[in-house]
Amino acid sequence: MLHAAALPVDFLERVGVSTLTGSGSLPDGMPDYAVLPVPPALASLFPGGGLRRGSTITVSRSPSLVLALTAQVSKRPGWCAEVGAPLLGSAAAVEAGVVLERFVRVAEPGEQWATVTASLLEAFDLVVVHPPTRASQGDMRRLSARARERSAVLLVAGAWEGAMVGLSVVRSTWQGLGEGHGYLRARQIEVQALGRGSAARPQRVKVWLPGINGAVSLSRENAA
Amino acid sequence: MTNNRAVRTLNNRAVRTLAVWCPDWPVIAAGGSAELPGAVFAGGRVFACSAVARLEGVRRGQRRRDAQSRCPELAVYLHDPSRDTRLFEPVAESVEELVPGIEIVRPGLIVVAARGAARYYKGELPMLAKISTTVADETGRDVQLGLADGSFAATQAAYLAQVVPAGDAANFLAPLGIQALERPELADLLMRLGVHTLGGFAALPRSDVLARFGPDAAYAHDLAHGLEARPPSARSAPPDLAVEMALDPPIDRVDTATFVAKTLAEQLDERLAARGLACIRISIEARTSNGEQLARSWRHGGISTAGFSASAIADRTRWQLDGWLSGTIRSDDGRPTGGMVFLRLIPDEVVADVGRQLSLWGSAAGWGSATAGSATAWGGDASAGGADIEQIERALARVQGLLGPDAVVTAIVGGGRELADQVRLVPWGEPREVLPGDSCPWPGRLPSPSPATVLSGLRSASVTAADGSPVEVNGRLAVSAPLRWLRVEQREPVEIAGWAGPWPLDTRWWDHAAARCRARFQLTTVDGSGWLVAFDNDRWLVEAVYD
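Residues numbered from 1 in each chain as written. Chains lettered and ligands numbered in written order. Predicted model: local features only at pLDDT ≥ 70, side-chain atom pairs only at ≥ 80, totals over all residues. Heavy atoms only, no water.

Enquirer: For this particular structure, what's the right way to read the overall build of chain B?
Expert: Each helix and strand counted, chain B has 18 helices and 20 strands in total. Sequence separation of at least 24 residues holds for 57% of the intrachain contacts in chain B that already meet a minimum separation of 6. When the accessible area of chain B is evaluated, it comes to approximately 25500 Å², of which 52% is carbon and sulfur surface. (Helix = DSSP H or I, 4+ residues; strand = E, 2+ residues; numbered from the N terminus. Contact = heavy atoms within 4.5 Å. Areas by Shrake-Rupley, 256 points an atom, 1.4 Å probe, with all protein chains shown as cover.)

See below:
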């Protein structure tokens, strides 16, 4: 059996083996509880190497990225919830690794989306919210405060006031389709993280999401 | 040490208690009998079995295959607490007529304070005789009775059909095994330390038990001494803790009752939690539109320092309402006709909620209220680190109260060719059933990776060739021209970078109304997004977006 260290790094990345070890442990050695894990390929985007409990993260226009982050928390094991339509694709969720028994969705909260989100933040580790277009700043601030209070992570698929880290996909290339043949196989995206405080300098990383075997892995095109 | 025990006896003066027990009630309620081997299964494991099955080696907690291998003629029943409660109602009613103030611990076990009734019937033995003959006459069920100081000793006495003289509870309990305490981890530990009987446990110094095993074990130690099976901090609840609801329109169906039970239980739990209390005895009262008043008390578990959780209260309310609504109440009263118009839950006895000890790091170590087990029936992983399944249930019950029970769902991905068919949404609280087609191969399905956004209403699009003419797919799946431009609804047309297809989807050709015949394509555009589009009857639709 070949030892993983003996194989070239780019080969490993191509087949989906991440070469980053560990996720979610803070530099001063605090145990894992305060930080929820993220896929190892994305850890460099987050201060602390993961989703800090109590923080609010925005992900703009990339449901796959939301699913990848949710999956890592769900596998930990953890409970995740989603509020607001449209619901993320369940088949894609399963492929990303989300455990559907622990992923509860509320499709159409209507006017009460803020109350519903607040109730879910009481108990769930991670709450994904699709805010309505007319979401008020007061609601946003209150929900972020509630997340901080209850040590839950609020993941917003959209725009949000005062988020700690904002992820966006700046470039994406699908592979696998030719001119009338093939099928979508894998996609390389460049994810950018912008934030406040220690995340103020934008970080970028190129990952395969989904990679050849469905997982999130680092692309060898990353500098250094 | 003897002095301390005497002082404690004075403080926890045990009440003369009668326990009425129907052996193996879940099996009897399911339709089995004591003479035939039968077992009730819950969650794939034995929940209760008849005496004959026990002789053959069937035990609680065994897996079904294991039980059937020991007893091939075992009759198998599924656990249904509503049915157990409903069929136990006549027995409860019958006992209540003779001795008022009964408390149901679980279907099959009733405890009631017996001093007054004993005086009324001029002796304990005449009272017992009267009860067993009346219950047998009126309901045809055989019951075993036990009489002792305190409900724990009385329950143990009922298992052995004995009357324990007053003050003799400790001696009666001494030879019984540690399993009677119903604390498996503690029992396991004590057995490995060489303590096999309640007497042996009682002989240990209480302060050492408290220091080594904690307050719950100290409470169990008191029980082993025959002291009152009521947690020391139990007291009556202040009257404003009761919750009630006027039901309009009247409820006469069990599923509406479930929803109401959940809402009320949630409210009660919140009120109790706000005061730091947990309930160990609850009274459920209802009034029908004909003016009948129905009431029943339920006691928590028998012996525990914890109280009912919200889901446990909701379960018992639901079982009780089910029992009344579909009930086999005796013919002269008849079923409650007209439906229920009023429901009230009263926490009769409360204890200070020990609460949840949050450790400095790591997840909350559960301490206080015990769950009723309905969570694991839903497939939830009750040991998930961080989130506590009870808090989850509470939060979801609140959301369901706001939006309705169908608003909170989990998904099951199963069989089907179309993206929409593959996903079934199951409301929270209902069982996640796996259908037979889920694990079969489905030719014609899209390969993974699946799209992250599946559009529920198909959006119209137009796909044109390089010269601007719309692309068509004929019946032989030949594309009229290579796909070049994609325009979704009213947006700008985008150039197509790559495409594949057509992949035909031809379903339900035998059903004219539901037939779907479509050619699917995957395509990527120059801006890097991926699309799943379909050509259906001269028009193009966007089914999903790979984003």
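Enquirer: It is not clear to me how the overall build of chain A should be interpreted in this structure. Could you clarify?
Expert: Counting its secondary structure elements, chain A contains five helices and 11 strands. When burial is assessed residue by residue, chain A has 53% of its 224 residues classed as buried. Once local pairs closer than 6 in sequence are excluded, the contacts in chain A between residues at least 24 apart make up 58%. Accessible area of chain A: about 9800 Å², with a carbon and sulfur share of 52%. (Buried < 20%, exposed > 50% of the residue type's maximum accessible area, 1.4 Å probe, protein only.)

Enquirer: Help me understand the sheet that holds strand S5 (residues 103-106) of chain A, please; the structure alone is not making it clear to me.
Expert: Think of a sheet as strands paired side by side through backbone hydrogen bonds, with each pair either parallel or antiparallel. In spatial order, the strands read S11(A)-S10(A)-S9(A)-S8(A)-S3(A)-S7(A)-S6(A)-S4(A)-S5(A)-S13(B)-S14(B); together these 11 strands make up an open sheet with mixed pairing. Edge positions in the sheet fall to strand S11 (217-218) of chain A together with strand S14 (423-427) of chain B, since each of these pairs with one other strand and no more. Both strand S10 (residues 203-208) of chain A and S11(A) contribute to a ladder of two bridges, which runs antiparallel. Looking at the pairing, A:Trp208 lines up with A:Ser217 of S11(A). (Pairing = 2+ DSSP bridges.)

Enquirer: Honestly, the side chain of A:Thr117 in this entry has me stumped. Any pointers?
Expert: All names here are of chain A. Structurally, Thr117 can be placed in helix H4 (residues 113-123). According to the relative accessible area criterion, Thr117 is buried, its value standing at 0%. Once residues lying within four places of it in the same chain are set aside, the contact partners of Thr117 are Val83, Val127, Val129, Leu143 and Leu154.

Enquirer: Sorry, what's going on with the environment of B:Glu35 here?
Expert: Residues and elements named next belong to chain B. Here Glu35 is to be found in the loop between helix H2 (25-30) and strand S2 (38-42). Residue Glu35 is classed as exposed on the basis of its relative accessible area, which comes to 62%. Between the alpha carbons of Glu35 and Ala53 there is a distance of 8.9 Å; along the sequence they are 18 residues apart.

Enquirer: Honestly, the pattern of salt bridges in this entry has me stumped. Any pointers?
Expert: A pair can form between side chains of opposite charge whenever their charged atoms are brought close. Residues and elements named next belong to chain B. If you walk through the whole model with that rule in mind, you get 31 salt bridges over all chains. One salt bridge connects Asp66 with Arg70, and the closest N-O pair in it is separated by 3.6 Å. Residue Asp66 and its partner Arg70 are both found in helix H4 (residues 64-70); the two are separated by four residues, about one turn of the helix. Under the relative-accessibility criterion, Asp66 is labelled partly exposed at 32%. For Arg344, the salt bridge is made with Glu285, and the minimal N-O distance between the two is 3.2 Å. You can see Arg344 sitting in strand S12 (residues 340-352) and its partner Glu285 sitting in strand S10 (residues 277-288), a full 59 residues away along the chain. In this structure Arg344 comes out as partly exposed when scored by relative accessible area, which is 25%. (Salt bridge = Lys/Arg side-chain N within 4 Å of Asp/Glu carboxyl O.)

Enquirer: Mind showing me how you'd approach the sheet that holds S2(B) here?
Expert: All names here are of chain B. Taken together, the three strands give an open sheet; going across it, the order is S3-S2-S4, and neighbouring strands pair in mixed fashion. A strand with exactly one partner marks an edge of an open sheet, and here the two such strands are strand S3 (45-49) and strand S4 (75-78). Across this sheet, the average inter-strand angle for adjacent strands is 40 degrees, counted without regard to direction. Pairing of S2 with S4, which is carried by four bridges, proceeds in the parallel orientation. Looking across to S4, one finds that Ala39 is bridged to Val76. (Axes fitted to C-alpha atoms, helices over the stretch in contact; angles between N-to-C directions.)

Enquirer: Explanation requested: helix H5 (residues 81-98) of chain B in the structure shown.
Expert: Quick reminder: α-helices carry 3.6 residues per turn. Residues three or four places apart thus point the same way. Residue and element names in this part refer to chain B. Across its 18 residues, H5 extends 25 Å between first and last C-alpha, which sits within 8% of the 26 Å expected from 1.5 Å per residue. Considering bend angle alone, the principal kink of H5 is centred on Glu89 and spans about 40 degrees; proline Pro90 follows within four residues of it. Counting buried residues along H5, 14 of its 18 residues qualify, which places the element largely inside the surrounding structure. (Expected span 1.5 Å × (residues − 1). Bend = angle between axes of the 7 residues up to and from the residue.)

Enquirer: Just to check I follow, could you spell out the interface of chain A and chain B for this structure?
Expert: Often the size quoted for an interface is simply the accessible area lost on bringing the parts together. Contacts between chain A and chain B engage 51 residues on the former and 56 residues on the latter. In total, chain A and chain B occlude about 4100 Å² of area from one another, counting both sides; carbon and sulfur atoms represent 64% of this. The interface formed by chain A and chain B includes zero salt bridges. At the boundary of chain A with chain B, the tally comes to 10 residue pairs in polar contact (both at pLDDT 80 or more). Where the side of chain A that touches chain B is concerned, the elements lending two or more residues are helix H2 (63-75), helix H3 (90-96), S5, H4, strand S8 (165-177) and strand S9 (182-195) of chain A. At six residues, H4(A) tops the list of elements feeding residues into the side of chain A that touches chain B. Among the residues making up the side of chain A that touches chain B, the classes are represented as 27 nonpolar, 12 polar and 12 charged. (Buried area = accessible area lost by both parts, 1.4 Å probe. Polar contact = N/O pair within 3.5 Å; in protein donor to acceptor, adjacent residues only side chain to side chain. Nonpolar A, V, L, I, M, F, W, Y, C, P; charged D, E, K, R; others polar.)

Enquirer: Is there a simple way to think about the pairing of S3(B) in this case?
Expert: Residues in a regular strand point their side chains to alternate faces of the sheet. Of the strand pairs in this sheet, S2(B) and S3(B) are connected by four bridges, and their pairing is antiparallel. Paired with B:Ala39 across the two strands is B:Cys49, which belongs to S3(B).

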